[in-house]
Structures are given as C-alpha cells and as structure tokens.
Amino acid sequence: MPAWPTNPRYISQSTPRVDGPEKVSGRARYSSDIQAPGLLYGMILRSPWPAAKIAEVDLRPALKIPGIKAAITVRDTPFTTRYYGEEIAAVAGVSKQACLDALRAISIKAEPASAFVVKEQDGLDADSPQVWQGAANASAPRTRENGNVDEAFGQCSAVIEGFYTTPVQIHNPMETHGNTVSWTDDGITAWSSTQGISSVRDGLAGSLKLDQSKVRVITDFMGGGFGAKFGAGVEGVLAARLSKEAGAPVRLMLTRFDQALAVGNRPSSFQKIKMGALADGTLHAFEMENYGTAGIGAGGDAGGGGGGANIPAPYLYKVDNARVTQRSVAVNAGSARAFRAPGNPPASFGMESAMDDLAVKLGMDPLDFRLKNDPSPIRRKELRLGADKIGWKQKYRPPGTCPGIVKTGLGCAGAAWPAGGGSPFTQGEAQINPDGSIELRLGVQDIGTGTKTVIAVVAAEILGLTPEQITVRVGDTHYPAGPGSGGSTTCASVSPTVNDVCNQALDQLQKLSGMADARGQNWFEACKKLGISPLTVHGRWQKGLSSSHACGVQFAEVAVDTETGLVTVQKVVAVHDCGLIIDQLTLASQINGGVIMGMGYALYEERVMDDLSGVMLNPNFETYKLPGIADVPEIEVVLVNMPERGVIGIGEPSTVPTAGAIANAVANAIGVRVSSLPITPAKVLAALGKVPPFIKS
Amino acid sequence: MKAFEYATALSPSSARDLIADNGAYIAGGNDLLGRLKEYLDAPARLVNIKAIPGLDTIQYGDDCWTIGSLVTIATLEKDEKIRSALPGLHQAAAEIASPQIRNVATVGGNLAQHSRCWYYRQRDVQCLKKNGDLCYARNSDNRYHSLFSGNDCISPVVSSLGATFAALDATAVVLSGGQELRWSMAEFYADAWKMHLAHNSLKPGDLILRVEIPLSRPRSAYLQASDKHVFDWALVSCAAAADYVDGKLVSPRVALGSISPVPHQMDKANQFLEGKPLDSTTVAHAADLLLANARPLEHNAYKVPMAHALICRTLLKLKG
Ligand SMILES: Cc1cc2nc3c(=O)[nH]c(=O)nc-3n(C[C@H](O)[C@H](O)[C@H](O)COP(=O)(O)OP(=O)(O)OC[C@H]3O[C@@H](n4cnc5c(N)ncnc54)[C@H](O)[C@@H]3O)c2cc1C
Ligand code: SF4
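A quick note: this is a predicted structure, and the numbers were derived from the prediction, not measured.

Asks: I keep staring at the overall build of chain A and nothing clicks. Help me out?
Replies: When helices and strands are counted, chain A shows 18 helices and 25 strands. In terms of C-alpha radius of gyration, chain A reaches 27 Å, essentially the compact-globule figure of 26 Å for 697 residues. Summarising its shape, the C-alpha atoms of chain A cover approximately 80 × 70 × 45 Å along the three principal directions. Taken across its 697 residues, chain A has 61% of its residues classed as buried. With the model as given, the accessible surface of chain A reaches about 25,500 Å², and the carbon-plus-sulfur share is 52%. Measuring between centres, the 64 positive side-chain charges of chain A sit 2 Å from its 66 negative side-chain charges.

Structure (structure tokens):
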C-alpha cells in the first residue's frame, strides 16, 4: 500500500501559489484574453418573455448590420421558451457594438404566454400555469420515514416548529461563463472558462457531431467556477457554431446580465420543520416538509445533486424517528445547476436553526446540545476547538439578553460533505529533461483553487526538489485525462496521481542513471545521465492515499443594530478537517472564500423574480448584493490535520455552515429568529416586531 | 447602447446649443452610461460638459460657499474645509457608492440622476415612468420604494446629496433658456413629486451651474441605512443641519432621501425643533412629525422604523 511521506518538507506546510506572480502581474491569460487572428465577438439574444412560443426568427436584418459575420438561431423554429432570458439566437461580428445592434435588429414572431409562474408558492397551486405542458408544476411529494414519528413527538419534553426558507442563489464567479472557440477543417479548439476540460470536449463533440479527437479544450487560467461550469453550455455550442458559420474564431463571454439568468443557480428551499427532544436533550422526533425550485428544471432527485431541490435532512444528526417529505416546484425561471456543496448550505441553515430553537426551548446551551447529539467524533472535537477560539464560555449569553441597541450574539453550525475523495480515473505524466528541468502534465484544470500549487508541492516532496523547480501544466485535453473539478475532488485526485507519477519517474531515473538515490542534490547529476532523450513517465491515481467525508464547524459572532436592522459579522471561526493537508495557504484561501460566500448567502444574496412581469429584477450587482471587503469579518481558520485519513477536498464543506452559524448568532443577539435568508435589515426589524402592519388601501 | 455623436462644450451657452433637441449632457457618466447600455435613453448626441471652465471649483465665501456642478464627490469628501464646516456634506459624500465612482461622479450628475427603481432600470419592463401604463412597483415588489408620493410613480429620489443640500437649505443655480434660475431642493425635485415621467424639474437643455450653501448652520450630520456596510444604496438616508446656541436648536432642517420622489421635509418638524434642546424625547417627536403621513406599501413598511431611528440619530449627532 502506498503511503505519504512522514516528516514532509513541503506537504502540510505553506507554499505560496506557484502562479501567483502571473496572476497579479496580469500575465496570466484567461479564456477571454485569447487573441486569435480574425477574432470576432459573439453575443446571445435572450427571451424578453417569461414564456413564449417562438414562431419565426428573422436573422436577415442582423446580417445586414455592418461587421456582422454570422447569425444563427439556437434551434429550428418553432420552439418554446420557458423563462425570461432563455437563449433564442446568437450573432458574431467584428465589434461588440455591431453585435449589440444586430441583436436588436433580429425580428421575432412570438406568442408570449398569457400566464406564467415565477414564485415557488404559486407553483404549488395545482391550477398554476404549467411550465411544462401536461405536467403539474409541483412534483409528487416523496416521503421517507424511520421509526414512529407521531408517537415519538408525544414522548418529547420540548418540541419546536419553524419555517426556514432560503432563496435561489445565483452563480457569480469573478469570470463569467464563456469561451473563445476556433472551428476550422482540423476541428475545434476551445479556450473555455470551465471546471471540466474533458466534459466540455465531450459535450462539444457530442452536440456538434465531431470525433472527440477533433476537439481540444484549453483552460490555462480560470476565474472561478462553483458547479455551473462543467458542460459546454448553450453559450459554448453557440460560439462553436458561430465560428464555423463565420469561418473565424469567436469569443463569446457572457455578460453579468446573461450570467444571472441562464447558467444555473442554487435551488431555493422552504423547510417546515418540527423537531422534538427528550428531557435529557436527546433528539427524538423530526419531521420536515420541504419544497423548492430548480427553475424550469423541475428536478426532484434526492440528495441535492445537480438539478433537484431536495436537501439532506435531518442533516448531520441521527434522529430515531424522522419523516421527511420533499418536492420540487417548476417555475418559469432559469434552472438549477450544482452550486458549491449542492443541497448542503440550505440543509445546514434549516437544521442548525431548528437545533438552536430547540436548545432554547429545552433551556440548554446550544453548544452542549450539539455535543450531545452530533454523531461525529471529529465534529465534536471541532466544536470544542472552535468554542475555545471564539470564547464561547466567556461570551455566550441567553438569547436577547445583550443590553443596548446594538446587540451581539454567538452562533455555530456544522457541515458534512460526503464527497471530497479522488477520482480513480485520474492520470498524469512527467517529462524529465537531461538538464534537470521537469514538467508535470495532467488533464485537470486549476479553477483558482490552487491545483497547480498542489501538484508542485507533491512533486517537490517526492523528488526532493523545490516547488519552483516543477513546471506544472494543466488545462489541456492533450494531457493525460483527469476529472472535472467538482465535488471537492481535485486535490484528492491529483495528489495520489502525482505521487505515483513521481515515484515511478524516480524509480526509472535511478535505474537509468545507475544512482541509488536521484533525489535532491543528486537530481541534476542523475538527469544528466539521461543523455539526449528525456524521460517520460505515465502514472495514475492510487488507492489508499485519499478518502472522503470532511466535517467542519463554524462559529460566528455578530452585532445587530436593533433600530436599523443591520447585521455586522464581527468574526467567524472556521474549523475544518480535510485529512492530510497538502498546502496550508491554498487551503486557508478556500476556507476564507467559503466563509465569504456563505456570508453572502446568509445576509445579502437572493434572486428576485417578479410575478407581475415575469422577469428577474436584479440581474446585476447593484441589487443582487454580494459581500464587499468592508462587509467581511475577521476570519480565523483553524485547520485540523489528519494525515492518517489521506487527502480530502475542502472547497465545498467550507461554505456549508456559515449561513447557519450567522443566523444562529443573529437569533442569539436579538432573541427572536429571522428564519428566512437573506437576513436583511427589513427582516430583522420585522422579527423584532417594529414594522407596522400593511393595510391595503 | 445605440451609436451616438459626441461633442465637447467649452461654455454653458455652447453646451445648450450643442445639445439641440435630442442630446444629453455627460459629466462623470455613471448614471447616463448605465441608462444608455440598458437602452433606457438613446440620445443622438452626448455633450461632454467637463471641459467648461469654472464649474469644477469650490468657492469659500464669507457666508455662502459655492460648489460647481462639476466638482466630484471625491473632492467633496476630501475637502478639509467642508469636513469641518459642513460635516454632514462630507459624511454624505463619503457614503456614496465606491471610491472609483466618487472619483468621477459629479455633484450636478448626482442631483440630476434618474430613478433607480428596479423596474425602471429593467430593460424589458415598460413601466409608467417609461411611458408604459402600469406602475409595477406599486403592485408588486416595492421593497425599495417610497413612503410618500404625489403621483402614481413611487420611485424615490436616491441622491444623497439632494437630501443633504435640502437640510443645508442650499440653492441650485440652473441655466435655463438663457436665464439663471435659483431653485431650492424642493423646487429642484418638485416635478418628480407631481409627475410620474419626471425625475426632477430640469427641462431638456437645462444646465446645473452650481450649488450655493449658506453657512448659517455650522452643525450638520448625515446617516444612511443600507443592506450592506459600504457600496450600497441607502434604504433610507437622513440629513440634518442647524445651529446650536446655548443648548437650543436654531434654524433646524431635517431631510430624508429614498422615501419620497423628493427629499422628504416637513415644515412642521422643523418648526417644532426650533429653539428646542437636543434630547431623545424631542428628536423622537420630530421623527413622528416627519413620518406621520407615511403610506407604507406591502414590502417597504420597514422603512418607517428605520427612518425614525435615523432621524433621531442624525439629530442627536448635531450635539457634536
Ligand atoms: C453602484 C452605484 C451606487 C451608487 N450609490 C449612490 C448613493 O448611495 N448615493 C447617491 O447619491 N448616489 C449614488 N450613486 C449615484 C452616483 O452618485 C451618480 O450616478 C453620480 O453622482 C452621477 O454623476 P455623474 O457625473 O457620473 O453623472 P452623469 O451620468 O454624467 O449624469 C447624470 C445625469 O445628469 C445629467 N447631468 C449631469 N451633469 C449635469 C449638469 N451640470 N446639468 C444638468 N444635467 C446634468 C446627465 O445628462 C444625466 O442625465 C451610485 C451609483 C452607482 C453606479
Ligand atoms: S415606481 Fe415609478 S419607476 Fe418604478 S415601476 Fe412604478 S412607475 Fe415605474
């Protein structure tokens, strides 16, 4: 069985990002920076209606606009569009302005639907206008039960009921979705902003009927992806078709407006929870009815995968008597896609809120209540660690008892992430040159998480070199295949693979050079003995060096202004484990990002659909609010290194508990619960009973 | 946006000539370019007014300071004399948008900016203010809208400077049809109170030259409440100014932004405060007077307690 080195020099230490200098100096080239000769811009025309039958699309006026080289429809007419912003047509031209003019010149004969539904509550109504003709908007409820719930509630000494809701969250990576695509007689080259170069290649080949060998996808640098950038996407296929039609490369990057409407999102949840505990604080009965929307993707799958609105419940906890009923509601809005830890942040928010509410009802400290009921020894350890760091013992007070107008409060919540393990299909290769330079090539992509750094760290460790000596190449389907970056699996995929490649390479180098140990200071001498031909070694993922199932807990300290309703997060302590830590810096960076994203989910973010017009009201950063640096609290990252578990990914679990922890801290501060995310000043004031009732005139 | 001509004016009168029938002045462009990009406006010509001499300076007179319409918000924020003599104006400027925006945004553009109602700014919604036949906000999502309005549109004035200038009793000097008109802030926004199509009282071609601020109120303050800590619009903003002599208010003025199409003022409240000490009962009563006739809608009633708190806090800040 392979094993990780004990007493490592680089693994588990702090190595700065190997590509940091390129990024901060602007030398890093992203998909939208590619300058191919004859490059055209591409743009998409979107439906201005929430639902419509598109009878005819006349592209001729667009083609008459000077500079326009191609115009296509997304499919043959007639067709149906089901949400505001759905793609109808696309154009390519020599300037953005030409494209904008062309989009407006396209004339559409359409029959907008007279009725539509954009709100989950309305979609529950059996008579609501059908998003998919012939199918009810609300899927049939699916129920799962263990124990005897009805009887169990009778045995509880405290029972709470709550309605915890979370909004649809929009994907807003720094870099929008998009590609620069060149389609020539030799095939397609696509520079894609993607989490999965292989899946984009296969997607393009499949939809455009080309051999996979004729499609090459390159992602040198990538500005973030959180689950919605795996496929070629409608925009990727359109860019390729435009390129073919125009006979020139096309750059089609989405605008923020496009991005808000059509590339997927995190489904909403409306969780009605009833939960009870025995007198000693043991969770005993749990009941949840949940619905949410995945937009036009009705979803309905379990476990919060890519498309469905279902969430895991009762989440971290084992309750002997539990009944969970869930369904998805289709509405005329952009559909869901995987979003950083699908299903988990809403599950954590709902369940952890209920946990605090029940602790209050029981008269128990919420921390003790968790220590009693959390089945995971790792998380219990993390709860104690985090409590220490935030000063729970000294600072915790019963809800609402902080004096003054600005009240402070503490809260915590936990995470579980079932994935995070490695993909057995990962492959890689090393090329060792006679001059001692070495190149590692893996067909994965670094989506900003530090994959290149991880590869350099592991290679340096095995070969006795420094990370700077390793040239890392990823993000090209010409390299040995690797998995998409999802499920927090990349680190646990590449680390064992690089370990295998490097150990094999070392073996061969030692054989060829006749040196017993080619590492470290012997490296150059050994390489020289290769003569004129470089050594290329192929390797693959190995079992036994990684595992899955990270835990994690977070604590939040907030201050709430009870007159303006403004919530200030003062501090977050984030305690996370991910097995063997590869690089502390890139790991802490993932956790910082996770906390900030979770904070946006807790306090600011929400897709607002308008039921009168059917449009999204906030497809911009002005009213789709995201945390800015001044909103971000002090974040204390506490890392729990568990080398015995091997490598586990962290990207997703780090964002799971933040919203629950903040929500609990707010409830602790003001003594009443805001049970609906985002926790806006308006909702805080309403919870405090300060908002006068609305009287219809 | 649609293609347009571009011209630079070198004097106020040439600006007026260049703008012709279907042009628009461009100063910092923060508001105008956003409108063009969303196809809310399609002027045939943009007339750059930034090169007109003299409009970008502050003049510190003995009892009145004059702020040129091209003075940037960053300049207002950083000017040391303003910080000490007109602290409310400094605070209002410092809260606007982000440093990058403040660096280019001008005083004139801030006052003349158009509605931020999310239906108005939505390219595919034709509401009343865009010559459609329905106020969507009134019937649907009005969380950011007005507590007061004199017409069917409930889009609030969002200019933080508008409210602050109102509290300071400032005058906007506007070149209109070859004449200099002198408008109080109430007059500057009067049309927006009366008419759903109006954002302010400016007619096409009217050019804001400067704002004159009397120095009779050495105490001033500004506060806003938003969803976020910085770089976010005010849900409610409040400005107050007065003199405070022997523990009593002299010529107090309070004005609120984001709750009415005009900076919201109540003579009754100002009169009540006259000669009163700054204590919690007094300021609370003033807040009651200011909000007495508020007409909350389905989603914006939270603005009532929020405004109440801000009025009290802003007034109490005048104590120093
Ligand atoms: C994200 C964001 C947040 C913001 N937050 C705030 C805030 O919290 N508070 C706030 O008050 N503002 C806020 N603003 C608005 C910003 O302050 C204004 O957009 C800016 O001040 C406009 O100034 P400008 O010089 O860029 O105007 P421009 O865009 O150049 O002009 C705006 C309008 O005024 C007209 N105009 C300009 N100058 C004159 C003149 N001298 N005479 C006549 N008409 C003129 C133009 O024709 C145009 O119609 C925010 C803006 C953004 C983008
Ligand atoms: S408030 Fe005014 S701008 Fe907004 S929808 Fe109504 S009419 Fe239009």
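Asks: Any chance you could explain the site of ligand 2 here in plain terms?
Replies: By nearness alone, 13 residues border ligand 2, and B:Cys117, B:Cys127, B:Cys135, B:Cys153 and B:Ile154 come closest of all. The class makeup of the residues in the shell around ligand 2 is 10 nonpolar, two polar and one charged.

Asks: Could you clarify how one ought to interpret the sheet that holds strand β4 (residues 58-60) of chain B in this entry?
Replies: Sheet strands line up and pair through hydrogen bonds in the backbone, either parallel or antiparallel. Residues and elements named next belong to chain B. Spatially, five strands are ordered β4-β5-β8-β6-β7 in an open sheet, and the strand pairing comes out antiparallel. Each end of this open sheet is capped by a strand with a single partner; those strands are β4 and β7 (179-184). This sheet shows a mean twist of 20° between the axes of neighbouring strands, independent of strand direction. Of the strand pairs in this sheet, strand β5 (residues 64-68) and strand β8 (residues 207-214) are connected by five bridges, and their pairing is antiparallel. Residue Trp65 lies in a different strand from β8, and its bridge partner there is Ile213.

Asks: Is there a simple way to think about the pairing of strand β15 (residues 269-277) of chain A in this case?
Replies: In the case of a regular strand, side chains alternate between the two sheet surfaces. Residues and elements named next belong to chain A. In terms of residue burial, β15 counts as a mostly covered element, since seven of its nine residues are buried. Here strand β8 (residues 158-166) pairs with β15 via nine bridges, running antiparallel. Paired with Gly162 across the bridge in β15 is Ile273. For β15 and strand β16 (residues 283-292), the ladder comprises eight bridges, and the chain directions are antiparallel. Bridging across to β16, Lys272 finds its partner in Glu289.

Asks: Even after reading the chapter, I still don't get the sheet that holds strand β13 (residues 250-253) of chain A, so can you show me in this structure?
Replies: Residues and elements named next belong to chain A. Spatial ordering of the open sheet is given by β3-β5-β1-β13-β10-β11-β12, a layout of seven strands whose pairing is mixed. At either margin of the open sheet sits one strand with a lone partner, and together these are β3 (68-73) and β12 (215-218). In this sheet, adjacent strand axes meet at a mean angle of 20° when their direction is disregarded. Pairing of strand β11 (residues 187-192) with β12, which is carried by four bridges, proceeds in the parallel orientation. Looking across to β12, one finds that Thr189 is bridged to Arg216. Here helix α3 (residues 96-105) sits on the sheet in contact with β1 (40-46), β3 and β5 (87-93), set at roughly 25° to β1. Across the sheet, helix α6 (residues 197-208) lies against β10 (178-184), β11 and β12, angled at about 145° from β12, the strand it touches most.

Asks: Sorry, what's going on with the domain arrangement of chain A here?
Replies: Accessible area lost when the parts come together is the quantity often used to give the size of an interface. All names here are of chain A. Per the domain assignment, the segments making up chain A are domain 1 (34-114 + 177-253), domain 2 (266-419 + 548-687) and domain 3 (422-540). Computed from C-alpha atoms alone, the centre-to-centre distance between domain 2 and domain 3 is 39 Å. Counting residues at the interface gives 13 residues for domain 2, matched by 13 residues for domain 3. With both sides pooled, the region where domain 2 packs onto domain 3 buries about 860 Å², and carbon together with sulfur makes up 65% of that total. Taken as a group, Ile582, Thr586 and Val647 account for 49% of the area that domain 2 buries against domain 3, more than any other trio of residues on that side. Our count for the domain 2 to domain 3 interface comes out at zero salt bridges. In this assembly, domain 2 and domain 3 are joined by three residue pairs in polar contact (both at pLDDT 80 or more). Within the side of domain 2 that touches domain 3, the residues separate by chemical class into seven nonpolar, four polar and two charged.

Asks: So what exactly am I meant to see when it comes to the packing of aromatic side chains here?
Replies: Describing an aromatic ring pair means giving the distance of the ring centres and the angle of the ring planes. Residue and element names in this part refer to chain A. All told, the structure shown has 12 aromatic pairs over all chains when counted by the stated rule. Seen in terms of ring centroids, Tyr30 and Phe221 are 5.8 Å apart; in terms of plane orientation they differ by 45°. Their pairing is tilted. Placement of Tyr30 in the loop between α1 (20-25) and β1 and of Phe221 in the loop between β12 and α7 (233-246) is noted, with a sequence separation of 191 residues between them. With a centroid separation of 5.8 Å and 75° between ring planes, the pair formed by Trp392 and Phe555 is classed as edge-to-face. Remark: Phe555 occurs in strand β23 (residues 553-561) and Trp392 occurs in helix α12 (residues 392-395); sequence separation between them is 163 residues. The residues Trp392 and Phe555 share a single accessibility class, namely buried. Taken together, the ring pairs in this structure connect Phe163, Phe270 and Tyr291 into an aromatic cluster. The cationic tip of Arg75 hangs over the ring face of Phe79; the distance from NZ or CZ to the ring centre is 5.1 Å. Lying across the ring of Phe221, Lys452 places its NZ or CZ 3.8 Å from the centre.

Asks: Sorry, what's going on with the side chain of A:Thr564 here?
Replies: Relative to the helices and strands, A:Thr564 resides in the loop between β23 and β24 (567-577). Ignoring any residue separated from it by four or fewer positions in sequence, one finds A:Thr564 in contact with A:Pro681, A:Leu685, B:Ala225, B:Met306, B:Leu310 and B:Arg313.

Asks: What should I look at first to understand the interface of chain A and chain B in this one?
Replies: With 43 residues of chain A at the interface, the matching set in chain B holds 39 residues. For the pair chain A and chain B, the summed buried surface comes to about 3,300 Å²; carbon and sulfur atoms form 58% of the total. Joining chain A to chain B, the criterion identifies seven salt bridges. A salt bridge links B:Arg143 to A:Glu606, with the shortest nitrogen-to-oxygen separation between them at 3.2 Å. Between chain A and chain B we count 17 residue pairs in polar contact (both at pLDDT 80 or more) in total. With four residues, α3(A) is the single largest residue contributor to the side of chain A that touches chain B. The residue inventory of the side of chain A that touches chain B, partitioned by class, reads 23 nonpolar, nine polar and 11 charged.

Asks: Help me out: how do you make sense of the domain arrangement of chain B in this one?
Replies: Residue and element names in this part refer to chain B. According to the domain assignment, chain B contains domain 1 (1-52) and domain 2 (58-112 + 154-317). If you average the C-alpha positions of domain 1 and of domain 2, the two centres end up 26 Å apart. Listed by partner, the interface residues are 11 residues for domain 1 and 11 residues for domain 2. Where domain 1 touches domain 2, the interface holds one residue pair in polar contact (both at pLDDT 80 or more). Counting residues per element, the side of domain 1 that touches domain 2 draws most heavily on helix α1 (residues 12-19), at four residues. Residues that form the side of domain 1 that touches domain 2 fall into these classes: seven nonpolar, two polar and two charged.

Asks: Just checking my understanding: could you explain the pattern of salt bridges for this structure?
Replies: Any two side chains of opposite charge can pair if their charged atoms end up close together. Scanning all chains against the criterion turns up 48 salt bridges over all chains. A salt bridge links A:Arg216 to A:Asp476, with the nearest nitrogen and oxygen atoms 2.5 Å apart. Within this pair, whereas A:Arg216 is found in strand β12, its partner A:Asp476 is found in the loop between β21 (470-473) and α14 (490-513), the two being separated by 260 residues in sequence. Linking B:Arg35 and B:Asp41 is a salt bridge whose minimum nitrogen-to-oxygen distance equals 3.0 Å. Sharing partners across several salt bridges, the network here consists of A:Glu622, B:Asp31, B:Arg35, B:Asp41, B:Arg116 and B:Arg121.

Asks: How should I be thinking about helix α5 (residues 87-95) of chain B in this particular structure?
Replies: The α-helix winds at 3.6 residues per turn, so residues separated by three or four positions along the chain end up facing the same way. Taken together, the buried positions of α5(B) are occupied by B:Pro87, B:Gly88, B:Leu89, B:His90, B:Ala92 and B:Ala93. Positive backbone phi, at 45°, marks B:Ala97, one or two positions downstream of α5(B).

Asks: Quick question: what am I supposed to make of the state of the cysteines here?
Replies: By definition, a disulfide links the sulfur atoms of two cysteines through a covalent bond. Residues and elements named next belong to chain A. Overall, the coordinates contain zero disulfides over all chains when judged by the stated rule. Cys502 supplies the cysteine sulfur nearest to Cys527, a cysteine that is in no disulfide, at a spacing of 12 Å. Given the relative accessible area of 0%, Cys527 is considered buried.

Reading the values: the criteria
- One numbering rule holds for all chains: residues counted from 1, following each sequence as written.
- The order in which chains are written sets their letters, starting at A; the order in which ligands are written sets their numbers, starting at 1.
- With the structure being a predicted model, the display of local features is reserved for residues of pLDDT at least 70 and the display and counting of side-chain atom pairs for 80 or more, all residues being used for whole-chain, interface and lining totals.
- With hydrogens and water set aside, each side-chain value is computed from the structure's full complement of heavy atoms.
- Comment: elements are numbered from the N terminus, with helices defined as DSSP H or I runs of at least four residues and strands as E runs of at least two.
- Within these notes, the globule rule equals 2.2 Å times the number of residues to the 0.38 power, and the radius of gyration is based on C-alpha atoms.
- Summary of the burial criterion: residues with accessible area below 20% of their type's maximum are buried, those above 50% are exposed, and those between are partly exposed, where the area comes from a 1.4 Å probe applied to protein chains only.
- Areas reported here follow the Shrake-Rupley algorithm with a probe of radius 1.4 Å; residue values treat only the protein chains shown as occluding.
- Note that His is not counted, nor are the chain ends; the positive residues are Lys and Arg, and the negative ones are Asp and Glu.
- All charge positions are set by atom: Lys at NZ, Arg at CZ, Asp at CG, Glu at CD.
- Throughout, near means a residue has at least one heavy atom within 4 Å of the molecule or strand.
- Residue polarity follows a fixed list, in which Ala, Val, Leu, Ile, Met, Phe, Trp, Tyr, Cys and Pro are nonpolar, Asp, Glu, Lys and Arg are charged, and the others, Gly among them, are polar.
- Two strands are said to pair when DSSP picks up at least two bridges between them.
- To obtain an axis, a line is fitted to C-alpha atoms, over the contacting stretch when the element is a helix, and the angle between two such axes runs from 0 to 180 degrees between their N-to-C directions.
- The criterion used for residue contact is that any of the two residues' heavy atoms lie within 4.5 Å.
- Residue ranges labeled as domains rest on an automatic or database domain assignment.
- The term buried area denotes the loss of accessible surface (1.4 Å probe radius) that occurs when two parts are joined, taken as the sum for both partners.
- Any carboxyl oxygen of Asp or Glu that lies within 4 Å of a side-chain nitrogen of Lys or Arg is treated as forming a salt bridge with it.
- Under this definition, polar contacts are N or O atom pairs within 3.5 Å; protein pairs additionally need one hydrogen-donor-capable and one acceptor-capable atom, and for neighbouring residues in sequence, both atoms have to be side-chain atoms.
- Pairing of aromatic side chains here covers Phe, Tyr and the six-membered ring of Trp, requires ring centres within 6.5 Å, and sorts the geometry by plane angle: under 30 degrees stacked, over 60 edge-to-face, intermediate tilted.
- Only when the NZ of Lys or the CZ of Arg is both within 6 Å of the ring centre and within 35 degrees of the ring normal is a charge said to sit over the ring.
- By definition, disulfides here are pairs of cysteine sulfur atoms that lie within 2.5 Å.

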